Each structure stands twice: as structure tokens, then as C-alpha cells.
Amino acid sequence: MPKCVIDGREVEFKPGENLIEVAKRVGVKIPYFCYHPGLSVVGQCRMCAVEIEKMPKLQAACSTPATDGMIVKTQSERAKKNQKSVMEFLLINHPLDCPICDKSGECDLQDFSYTYGDAYSRYTEERRTYADLDMGPVIKKNMNRCIHCTRCIRFGDEIAGIREMVATRRGNNTEISTMNGIPLETEYAGNYSDICPTGSLTLKDFRFKKRAWFLKKTATICEGCSRGCNMEIQQDGNIIYRCIARENLEINKYWLCDEGRFNFQYVNDEKRICNPQVHKGEGLSASRWEESLGIAKNAVTGKKPLVLIGSDMTLEETAEILNFLKQNFKDTTTFHFGTPGIYSSTNDGYEDEILKMKSKTSNLCGLEKMGLKGFEHTPVGVDTAVIFRGGRAVLPNLKGIKTIIGIGVFLQQQAKDFRVILPGLSFAEKKGTIINFEGREQKISPAIKPVGQSMAVEDVLSLWQAGELKATTESNTGKKEKVLEL
Amino acid sequence: MTEETTNETLFIQHFNEESRPLEYYLKKMNGYSTLKKALTMSCDEIINEVKKSNLRGRGGAGFPAGMKWSFIPKQSSKPKYLVCNADESEPGTFKDRDLMRYTPHLLLEGMGIAAYAIGANSAYIYIRGEYVREAKLLQCAIDEAYAAGFLGKNLLGSGFNFDITVHRGAGAYICGEETGLLNSLEGKRGEPRVKPPFPAQVGAFGGPTIVNNVETLCAVPFIISKGGEWYSKLGRLEKSGGTRLFGVSGHVKKPGLYELPSGGVTLRELIYDYCHGILDDRKLKAVIPGGSSTPVLTSDEIDVVLDVDPLMKAGSMLGSAAVIVISDAYCVVRLIERITKFYEHESCGQCTPCREGCRWMENILHRIEHGQGKEQDLGLLLDIADNINGKTLCALGDAAAGPVSSFVRKFRADFEAHIRGGKCPNA
């Protein structure tokens, strides 16, 4: 393999690799704004300019492929002066409103300013300002903060497949926006905020909700569809504030769709049923675990209940449920459910050319591997059903079923006719394994503690089965806790 | 080419309305005979002849034309293109306009030869939007050439197909930069591209492309007709052949176009001998030797030979050979303010130093000219210019920074007088 030297460190590279990527591998961080590994290279911000021996001018590291024997200096006097000067140029028209900017704390402009910028400004002219037009429900634009890196334009063009972000006017007056302020159309708009190196494009949903540095981050997998995009849940005080994409070049590269990104909202929703509830004639009312379990048990005793397992449940949970059924019921019919019209992975497929899959649950393949078939219609002579659900699977039409026991995550509206609801865990509160449409096994991790009295399936079933929970059972939440005895 | 051409000038003797039609070109300039000759030569022979001619690009950078052509890959999966850069937009420059206005067929023939040499079957003339009349004249000439079989399928029975399309620009200086031009030609925003890849590898519509200036292409028929050596000897310097059109403007008694041997005269000779000296017999204050983007020279620096290398040595550039002469009747601060305003206005805005720095410099210069300057402004100006120069994606940054730093360094006293006096002394 050819080799080059970056800041005195010898490094091998694949032909065609640019200097930023090669330098990263030896721990040399070349600062950049416009470059993004998932987008085309434009060499516009000039922040990454480095000195290369035998070349008279500084060269943009992003657009310069490494060559054998190349000697690169990222910290030479000239390179440093350029870094300082680019920072100065970018900041003379930036409002420096970091105290009220949502990007603050995770802002490339802020971070590089701290490292490469000057504490004093030589700029005494008036700052350039823009009037912003609305861009639809997902993204809030603040053009004054923009540094014209054009990542958003390229994202729309190259990834989202829609040229909706454009540069209008010219030179110092260049404005980056949609044409005439029409709303963003792409269903991947959240990524605009992820890739924006300043606070110019921020999520409306996250706006003024939380300072970035208070957020605790958990790497996990999106449950929005059968692709299994890698993402990060960010929470504080057991409340999820947002989800962002996590790089996985094999699955989702750097991106996340809006459906998956904002799917978390039900987790802390006040309409989510987080304590045991039973139906007593006039709608649902709060109950205690022993009472609701008793009612549930009575409801299925002597019956052949239909059992539906959402394909948003993990492999471990499903195994637990199947084991429970084997031990406690002689005769049940068990199916998986998740997306209307998708009964097996053969019905699944690409919903668009980017990430989205037709199956709107994450573990369709997993449940199929465990031998379950998709639910199509209620078997004859069955009037009782037990539904296990993670929070994402779409409840099927249960014609002919009179009594429903729900175990898992339900919103009040969804479960208003259920007999009993035993609250369970959402994807953000449990760990486990899911299998995506390509057969990749991935692990999800708990980002927050169970909301309210929600309990892992395993624990609910133990209570059901034994009437008590072994005091030291390690539940799916990874916590050892003693649960009430019946 | 008739014998007379050698005695006189290549171009200027034909600069009148009568020489425009195809008939004149065929009769008086032996038109399209060189194209016929070229079509019997091999591509390498033509390129070698151009290399021998020491023809340097007339657009501004002065890159050897023959060498540029040799960068085109012989084999290409995508079609190759020849593009004539007629976006003559450097302030002070007005030579290509006359070439297109009076000798359009010379350009077409040059393009035919060049396209044949690089293996391109289609060519574009990217002409600046303001040249409405010239675009029409070119189109007339193209129509004439098609009708006479000098353009189109199976050129002069050679089997070589060649088409030319005139494409009018929309009024952006940056589209004279070759990759900005190509983007604009493709219907995109006129913004320069990252290089490499250079246009010779990936140019118009992804195909290998050569972009040549009008004057460069107009020289080609002479080179192929009389030989590269003959053309090279027209120049007075080793690495610079042929004649050159100098467009002199500003405070001289006789401004206009002058065709002189490359490296044949000094700046002093051009101003005082050819242009009859300074207007109103005033003192010479400054000369911008190659269009507004080239660093300024003072009246003490005009004994430099007017060509690419000598001017480079003198710290300036020949650029497009547009000589702008400034007498002491004009305020140099006001001049550089105006020049900088131009580059600020024409910056495409994609790369940071140019987008931010040009406006900043313009703001400062505006303050100084209007009596609001501060002592530290001059140091700041020099530093901003240094931070732009050589750090941008294309040469527009250098074009804006070079003049500012040269004006501030060479005419510092004028700037200081503005700052101390609180107003423009000439106002």
C-alpha cells in the first residue's frame, strides 16, 4: 500500500482517499466545515487547507487525494494562519448568538472557533443580516448563522434526491434557502439539522427544549422500519429530547428518515398507558398490578386465546412469550403483526430509494425466524386475544374478538376497548436483539428507565405465572429490583 | 494567409466592417485553406506545431496552448469538447470583441483546427451576455460556414464532423473562469469547480474539454498555415510567440487596440510612443498592465517589457493585456475602491475568503475614500488581502487581493492622506 506522511506520522492509504480521511486514521484532525464524508467534495470553506511539500499553495485536504510519498503539514505556520483567517472570515458576519442557539455545545463553528479562532475581532463594519422565510414543520432556518458550506444543498441533491435547498443571489449576498420559502418536501429533512455545521438549520421539534450538553446519549437502533438504522437517543431526566443518526455505512450511512427520527415521541407521551388499567364498564381506569393480572387471568382461563405478538418486540421477549405460552396454554394460535398488508418478509420491500422499508416494525424477520406467521384474520370461534406490543406495531382489525388483554405499550386511544392493559417497555427502555430485512442482528439498548409502572414482558409473565417475582430476577431493564408479591 | 499579413499585423489590418463576410475571408485571407490543410495532418502534428509556435493563452493565465491541448486523452468514453471562452469580462479588456466583430471566420477556422487536433466534434462559443451584437454576427458567420461546408458533417470531405454552438452568458464575470464557464454552459450556477480534475480530463458534460480564449484560437490558422516556427519568431522573447493585442484604456491620448509582437515593447514605449503619452500632458500616476485584476505598477516601473514572464518578474501580470493608464488627475484610492467593488460584486460566494474578504476590503476602502479611515485600516487591508491571496478555490480571490495589496503598498501616501485629512484630497 502507498504511504504518505502527515504531521510526521507515516500512514498507509487506499488510492483515491482524501487527506482528511487519511489524517483521521493517525489521529490528526484536520478542521473542516463543508466537507462531509457522505456528500460530494466541493472544497469551499477552505478551512482544511494544508501545506504539502513541493506545492507552492496551500491545498484543500478534502479535495486532495493522498499520493505516495506526499508530505503533509497540517500545523505549519501557513496552514495555521489560514485556519485562523478562515475562522475570522466565517465569524465576521456570524451573529455569535451561541447563548440562545440550539446548536451551541455541538457546533462545529463554535468548536473550531475555540480551537483555531482569535479571542478578538478586527471587524468594525456592519454585520450582514437576512430575513428568514419559513421552511415547513421540521426545520427552522436562521440564515444569519449560515456559513455557506452548502452541505444542505448537496444533501438534498445527492441523498434526498430533491433539489429543494438552493443558493440564491451571489457573492456576499448568497442566501441558502428553499426557493421563495416553499416548505421542505423531503421526508429526510431532519438530516439537514444533523449535517449543518452551525445553528442555521435546527429541528423545530428540539428548539429551545434542552441545551445539548445536558443530553445523555445512548447508541441504539431505530424501530421505525425493518431497515434498522443506527441512531442515538438523547435524553435528560428520563425524557427523550431527540434522536439523531449514527454512522453505519452498511445500513444507513449517516442518515435517518423523519419518521424514524421523531418516532420516539410516544415514549414520553402523556397519552401512553404507563400503569395497569382495567376496563370497568365505562372506559379504562387505573388499577393495581395484582388486580389487573387477576382479571386478565380470569379472562383467558379455559379459553383458547388468540395471541398476537408485535414485530416490534425483540427476539428475547418473543422467546420469553412463546415459552410462557407453552407452559400455560395447551392450545393457542399465535401470530405476529406490525404493518397492515405486510404478513411476511416477502411482502416487505423498499418504500423509497433511500432508507425506508415497507414494514413499519423493526423485527419482522426476527419473529419470522422464530416460526411465527403474520396475522391476517381472526380464527373462527375465538373471542379472546392477548396482544403483546412494543409501541410501534399497528394494531390489526380484531373482528369478532370481545376480550382483549394488552401487554406492552399502548396509547389510551388505541386501547380504549381493551379489558386489561399491563404496561410494558418501549424500544427506548429495554435491551434486546432485532433482525433487519437483510438478516442483520442488531442490539437495542435502554436509553431511559421504564416510564411509570411499565414493566418488562419477562417480569409481567413471571408475575402472571408464579404469582410472584423472584426477588433477584434480572429483568430486561438490566436492573435488579424486587417487585411486589401477589 | 496572404503574404501581406506577415508585414503588417495578423489581425488589426482586417479590423473593419468589410472584412466580416465569408467572401472577404476567402479572398483576402485565404480563408479555410488552413483548415483543409489541417484535416490532412495528424492530430499530433497539429499539436506539435502549436507547441513549437510558443503560443501562450491570451485569456489571462498565459498557459502554453499546445501543452494544454496535449493534456486531452486520446481515448475517451465520453465525447470531447472544445469551448471558446468569449466571456471577455475583465475590466479594461476589449480585444476579443473586435476579433469576433471583424474576423469571425478566423475564429471559426481556428476552432475547426483545434477541435480536429483534440478530437472534438462539438464546440461551444461561450460569449458574454452583453455582446449581443457580436453573438449575432458570430451566428451569421456560423450560418455562412455551414452553408459553405466549413462546418457540419464530413468537413471538406475529410470525414470529420464538427458543429459550433453559440451560448450566451448571463452577465457574470466568474463565468470567464473556465470551470465556472463550464458549469454555466451546463445550465448550473456559475461557480468554479474543484480542480483536479481539470477540464482536460472532466470538463463540459463530463467529457474531456479544452477551453481557449478567442485570440488564442484566432492565432491557430496562422500557426498551421505558416508553421509554428514562423509564428514563434513573430515574438521577441524565447517562450512567447506571435503577436498580441493590447487594449489600452484610461488617460492616454490615443487609447485603443494595438497589435504588437509578443515581448516587443516596454510599457513606457506603449504609453508614450504608441499611445502618444498621457492625456492633457499630465504626469503618469499608475498603470494596471493586464486588466483590473493585475497588480498595479507605478510610473517608475514602466520600463518593463510587456509580456508574461517579465511582468511576472516585476510582481504583476500580463493578464489579458488590457493596459489601464491612470494619470495623476485621478484618485488611486477611489480607483481601487471601485475595482474592489467590482470583485465583491462578481464573487460567486462559494468559498469563504473571497465571499467574506472582498466585501470586507470594499467596506474598508469605501470608508477610507470617504474620510472615515483609521490608521490600522491599511495593515488590516494588507492582511485581509494576504488571507485571500492563493487561499481560494479559483483565481478570483487572487484577482481581488492582488490589486488591493499592490495599491496599498505602492500608494500608501495617498491612503494616509485620506485617513489623516478625513477626506479625499482629490474630491
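Residues numbered from 1 in each chain as written. Chains lettered and ligands numbered in written order. Predicted model: local features only at pLDDT ≥ 70, side-chain atom pairs only at ≥ 80, totals over all residues.

**Student:** Would you take a moment to explain the overall build of chain A for this structure?
**Tutor:** Per the secondary structure count, chain A includes 10 helices and 22 strands. Over its C-alpha atoms, taken along the principal directions, chain A stretches across nearly 85 × 50 × 40 Å. Across the 486 residues that make up chain A, the buried fraction comes to 48%. Considering only intrachain contacts with a sequence separation of at least 6, the fraction spanning at least 24 residues in chain A is 64%. (Helix = DSSP H or I, 4+ residues; strand = E, 2+ residues; numbered from the N terminus. Buried ≥ 20, exposed ≤ 12 C-beta atoms within 10 Å, placed from the backbone. Contact = placed C-beta atoms within 7 Å.)

**Student:** Mind showing me how you'd approach the overall build of chain B here?
**Tutor:** If you tally the helices and strands in chain B, you get 18 helices and 9 strands. For chain B, the C-alpha radius of gyration of 22 Å lies close to 22 Å, the compact-globule estimate for 427 residues. When the backbone C-alpha atoms are referred to their principal axes, chain B occupies close to 75 × 45 × 35 Å. Counting only residues that meet the buried cut, chain B has 57% of its 427 residues in that class. When contacts within chain B are restricted to residue pairs at least 6 apart in sequence, long-range pairs at least 24 apart make up 71% of them. (Rg over C-alpha atoms; globule rule 2.2 N^0.38 Å.)

**Student:** Please clarify how the domain arrangement of chain B should be interpreted in this entry.
**Tutor:** Accessible area lost when the parts come together is the quantity often used to give the size of an interface. Residue and element names in this part refer to chain B. According to the domain assignment, chain B contains domain 1 (4-234), domain 2 (243-327) and domain 3 (332-421). With centres defined by C-alpha atoms, the gap from domain 2 to domain 3 works out at 22 Å. Counting from both sides, the interface comprises 9 residues of domain 2 and, opposite them, 10 residues of domain 3. Residues that form the side of domain 2 that touches domain 3 fall into these classes: 4 nonpolar, 4 polar and 1 charged. (Domains from an automatic or database assignment. Nonpolar A, V, L, I, M, F, W, Y, C, P; charged D, E, K, R; others polar.)

**Student:** Any chance you could explain the sheet that holds strand E1 (residues 3-6) of chain A here in plain terms?
**Tutor:** Residue and element names in this part refer to chain A. The strand order E2-E1-E5-E3-E4 describes an open sheet built from 5 strands, whose pairing is mixed. In this open sheet, the two edge strands, each paired with only one partner strand, are strand E2 (9-12) and strand E4 (59-60). Against the sheet, helix H2 (residues 77-92) touches strand E3 (49-52) and strand E5 (71-73), its axis set at about 170 degrees to E3. (Pairing = 2+ DSSP bridges. Axes fitted to C-alpha atoms, helices over the stretch in contact; angles between N-to-C directions.)

**Student:** Sorry, what's going on with unusual backbone geometry here?
**Tutor:** Trans is the prevailing form of peptide bonds, just as negative phi is the prevailing case for residues other than glycine. All names here are of chain B. The linkage connecting lysine 195 with the following residue, proline 196, adopts the cis geometry, with an omega of -5 degrees. By secondary structure assignment, the location of proline 196 is in the loop between helix H9 (178-185) and strand E4 (209-213). That bond from proline 196 to proline 197 is cis: its omega, 0 degrees, falls within 30 degrees of zero. For asparagine 154, which is not glycine, the phi dihedral falls at a positive 50 degrees. For asparagine 154, the location among the structural elements is in the loop between helix H8 (132-148) and strand E3 (163-168). Despite not being glycine, aspartate 281 has its phi angle at roughly 55 degrees, a positive value. One can find aspartate 281 in the loop between helix H12 (267-274) and strand E7 (284-288).

**Student:** Looking at this model, I keep getting lost on the packing of helix H16 (residues 377-388) of chain B against helix H17 (residues 396-410) of chain B. Mind explaining?
**Tutor:** Two quantities define a packed helix pair, namely the angle between the helix axes and the distance between the axes. Residue and element names in this part refer to chain B. H17 packs onto H16 with a crossing angle of 150 degrees between their chain directions and a minimal axis gap of 8 Å. Here H16 lies roughly antiparallel to H17, going by the angle between them. Where H16 crosses over H17, the handedness of that crossing is left-handed. Across from Leu378, Leu381, Leu382, Ala385, Asp386 and Ile388 in H16, the residues of H17 making contact are Gly397, Ala400, Ala401, Val404, Ser405 and Val408. (Parallel < 35°, antiparallel > 145°, perpendicular 65-115°, else oblique. Left-handed = near helix turned anticlockwise from the far one by under 90°.)

**Student:** Explain the pairing of strand E1 (residues 81-86) of chain B here, please?
**Tutor:** Side-chain positions along a regular strand alternate between the two faces of the sheet. Residue and element names in this part refer to chain B. Of all 6 residues that make up E1, 6 are buried, and the element is covered over most of its length. The two faces of E1 match: Tyr81, Val83 and Asn85 on one face and Leu82, Cys84 and Ala86 on the other face are all buried. Relative to strand E2 (residues 122-127), E1 runs parallel, the two sharing 6 bridges. When the sheet's bridge partners are listed, tyrosine 81 is paired in E2 with serine 122. One ladder, built from 5 bridges, connects E1 with E4; its direction is parallel.

**Student:** Explain the interface of chain A and chain B to me, please; I cannot follow it from the model alone.
**Tutor:** Listed by partner, the interface residues are 25 residues for chain A and 24 residues for chain B. Ranked by residue count, the leading element in the side of chain A that touches chain B is H2 of chain A, at 6 residues. When its residues are assigned to classes, the side of chain A that touches chain B shows 10 nonpolar, 10 polar and 5 charged.

**Student:** Can you help me understand the sheet that holds E4 of chain B in this one?
**Tutor:** The strands making up a sheet associate through hydrogen bonds between their backbones, and the pairing can be parallel or antiparallel. Residue and element names in this part refer to chain B. Spatial strand order, E3-E2-E1-E4: 4 strands in an open sheet with parallel pairing. The open sheet is flanked by E3 and E4, the only strands paired with a single partner. Put simply, the sheet's adjacent strands are angled 20 degrees from each other on average, direction ignored. Across the sheet, helix H7 (residues 104-118) lies against E1, E2, E3 and E4, angled at about 145 degrees from E1, the strand it touches most.

**Student:** Looking at this structure, how should I read the nonpolar core?
**Tutor:** Across soluble globular proteins, nonpolar side chains show a tendency to be buried alongside one another. Val83 and Cys84 of chain B are the most contacted members of the largest nonpolar core, which has 133 residues in total. Broken down by element, this core gets its largest block of residues, 10 residues, from H7 of chain B. Counting residues in hydrophobic clusters, the runner-up holds 122 residues, among them Ile159, Cys243, Val307 and Val386 of chain A. (Core = buried A, V, L, I, M, F, W, Y, C linked by C-beta atoms within 7 Å.)

**Student:** I tried to follow the pairing of strand E18 (residues 384-389) of chain A on my own but got confused; where do I start?
**Tutor:** Residue and element names in this part refer to chain A. The buried fraction of E18 is high, at 5 of 6 residues. Of the strand pairs in this sheet, strand E15 (residues 306-310) and E18 are connected by 4 bridges, and their pairing is parallel. Looking at the pairing, leucine 306 lines up with alanine 385 of E18. Bridge count between E18 and strand E19 (residues 403-408): 6 bridges; the pairing is parallel. Note that in E19 the partner of threonine 384 across the bridge is threonine 403.

**Student:** Would you mind showing me how to read the packing of helix H4 (residues 43-52) of chain B against helix H10 (residues 214-226) of chain B here?
**Tutor:** Residues and elements named next belong to chain B. Between H4 and H10, whose axes approach to 10 Å, the crossing angle comes to 105 degrees. Considered as vectors, H4 and H10 are oriented roughly perpendicular to each other. Each of Ile46, Glu49 and Val50 in H4 lies in contact with H10, whose residues at this interface are Val220, Ile223 and Ile224. For the contact of H4 with H10, the per-class residue count stands at 5 nonpolar, no polar and 1 charged.

**Student:** Quick question: what am I supposed to make of H8 of chain B here?
**Tutor:** Working note: α-helix, 3.6 residues per turn, so residues spaced by three or four point in the same direction. All names here are of chain B. Spanning 17 residues, H8 covers 25 Å between terminal C-alpha atoms, matching the ideal 24 Å at 1.5 Å per step. Within the span of H8, buried status applies to Glu134, Ala135, Leu138, Ala141, Ile142 and Ala145. Projected down its long axis, H8 carries its buried residues within an arc of 125 degrees, all on one side. When the buried face of H8 is taken as reference, the exposed residues oriented beyond 90 degrees from it are Val132, Arg133, Lys136, Asp143 and Ala147. The secondary structure elements touched by the buried residues of H8 are helix H2 (22-28), helix H6 (95-102), H7, E2 and E3. Just beyond H8, the residue with positive phi is glycine 149, at close to 85 degrees. (Expected span 1.5 Å × (residues − 1). Arc of directions from axis to C-beta.)

**Student:** For this particular structure, what's the right way to read the confidence of the model for chain B?
**Tutor:** Note that predicted coordinates carrying low pLDDT should not be read in detail. Residue and element names in this part refer to chain B. Summary statistics for chain B give a mean pLDDT of 95 and a share of 98% for residues scoring 70 or more. Residue range residues 1-7 is modelled with pLDDT below 50. Its contacts to residues more than four positions away, or to other chains, number 9 contacts. ipTM for the predicted complex: 0.94, alongside a pTM of 0.93. (pLDDT = per-residue confidence, 0-100.)

**Student:** Can you help me understand the environment of proline 340 of chain A in this one?
**Tutor:** Counting through the fold element by element, proline 340 of chain A comes out in the loop between strand E16 (333-337) and helix H9 (364-369). Along the chain, proline 340 of chain A and phenylalanine 375 of chain A lie 35 residues apart, while their C-alpha atoms are 9.6 Å from each other.

**Student:** How should the confidence of the model for chain A be read in this particular structure?
**Tutor:** For chain A, mean pLDDT is 93; residues scoring 70 or higher make up 96% of the total. Low confidence marks residues 469-486 of chain A, where pLDDT is under 50. Its contacts with residues over four positions away, or in another chain, come to 33 contacts.

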